[in-house]
Amino acid sequence: MEFEFTKYHGLGNDFILIDNRSKSAPLITSEQAVQWCDRNFGIGADGVIFALPGLEGTDYSMRIFNADGSEPEMCGNGIRCLAKFLADLQGVTGSTEYQIHTLAGVITPTLEGNGKVRVNMGMPQLLASQIPTTLVQGDQKVIDVPLEVGGNVWQVTCVSMGNPHCITYVEDVSAIPLESIGPQFEHHSAFPKRTNTEFIQVVRPDYIKMRVWERGAGATLACGTGACASVVAGVLTGKCDRICTVELPGGCLDIEWSEIDQRIYMTGPAQRVFTGSFRQG
């Protein structure tokens, strides 16, 4: 069977987008998604995103399979790519807004006239039971708590953006052995649903550098929810401002944790790479 797809990326975090609006279930399985994401024997991507019919009064729904076949609750760079994909399908060229149902709740991306997408990411969740983690009691926040990983003790702050994040601050992000330490954080027993991990270098209170190990995808060039979580963690620990630029290996995201409504707003690009078809089986 042959499937049509379009490849997009948000700061190098790349996804295969499938027009799934005619059916409520993904057109391919998680096992097939693993094959599609393979960079040597498939199309190559960090994940597969499905544009499905809307649920609970929303315009559309979003499902994602990671490169390892797991299904995350949400993806910040991915939802920007989905918004651009939907606009391209509809021939929309100006500013437009979508209400997207995700496993992390309803997310609202807005395509701006400058080619960027601003996303209302909702409110961060800070209780240990919400993340989830066993580092502290379920009704407590995980702020600057010690965690032993790889023979070292790291001071970590945990935030959920609908998916779990563990943030730690370092002197130099380029010196972090991400491929070896990342999996140890992801699969640590303190995180029953595994975790995304962000290593942060504070350049200025309004500018930080980030490297990320994503749950189910490994080292990626960008992580939108991770950038949001890192700014929240920075504010909670007094390390950064509520309006902050996050520099990732793939480029920069502008993040704001609003004092007015306590919601996180993420602004960044989403670009179409190519379209094609893939024969399965």
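Use the structure listed above.
Residues numbered from 1 in each chain as written. Predicted model: local features only at pLDDT ≥ 70, side-chain atom pairs only at ≥ 80, totals over all residues. Heavy atoms only, no water.

Engineer: Lay out the pairing of strand β1 (residues 2-10) in plain terms, naming residues and giving numbers.
Structural biologist: Within a regular strand, side chains alternate between the sheet's two faces. The pairing of β1 with strand β18 (residues 271-279) spans eight bridges and is classified as antiparallel. Among the inter-strand pairings, E4 is bridged to a residue of β18, identified as S277. Pairing of β1 with strand β2 (residues 13-19) involves five bridges; the strand directions are antiparallel. Across the sheet, the residue bridging to K7 is I16, located in β2. The turn joining β1 and β2, which pair antiparallel and follow one another in sequence, is formed by two residues; a positive phi near 60° is taken by L11. (Pairing = 2+ DSSP bridges. Helix = DSSP H or I, 4+ residues; strand = E, 2+ residues; numbered from the N terminus.)

Engineer: Which residues make up the pattern of salt bridges, and what are the values?
Structural biologist: Enumeration over the complete set of coordinates arrives at 13 salt bridges. Close ionic contact of R21 with D19 constitutes a salt bridge, the shortest N to O distance being 2.8 Å. On the basis of relative accessible area, R21 is assigned to the partly exposed category, the value being 33%. A relative accessible area of 33% means that D19 is categorised as partly exposed. A salt bridge links D206 to R204, with the shortest nitrogen-to-oxygen separation between them at 2.8 Å. Accessibility expressed as a relative area gives 32% for D206, which makes it partly exposed. Using a relative accessible area of 41% as the deciding quantity, one classes R204 as partly exposed. Linked through salt bridges whose partners overlap, the residues forming this network are K7, D14, R39 and D46. (Salt bridge = Lys/Arg side-chain N within 4 Å of Asp/Glu carboxyl O. Buried < 20%, exposed > 50% of the residue type's maximum accessible area, 1.4 Å probe, protein only.)

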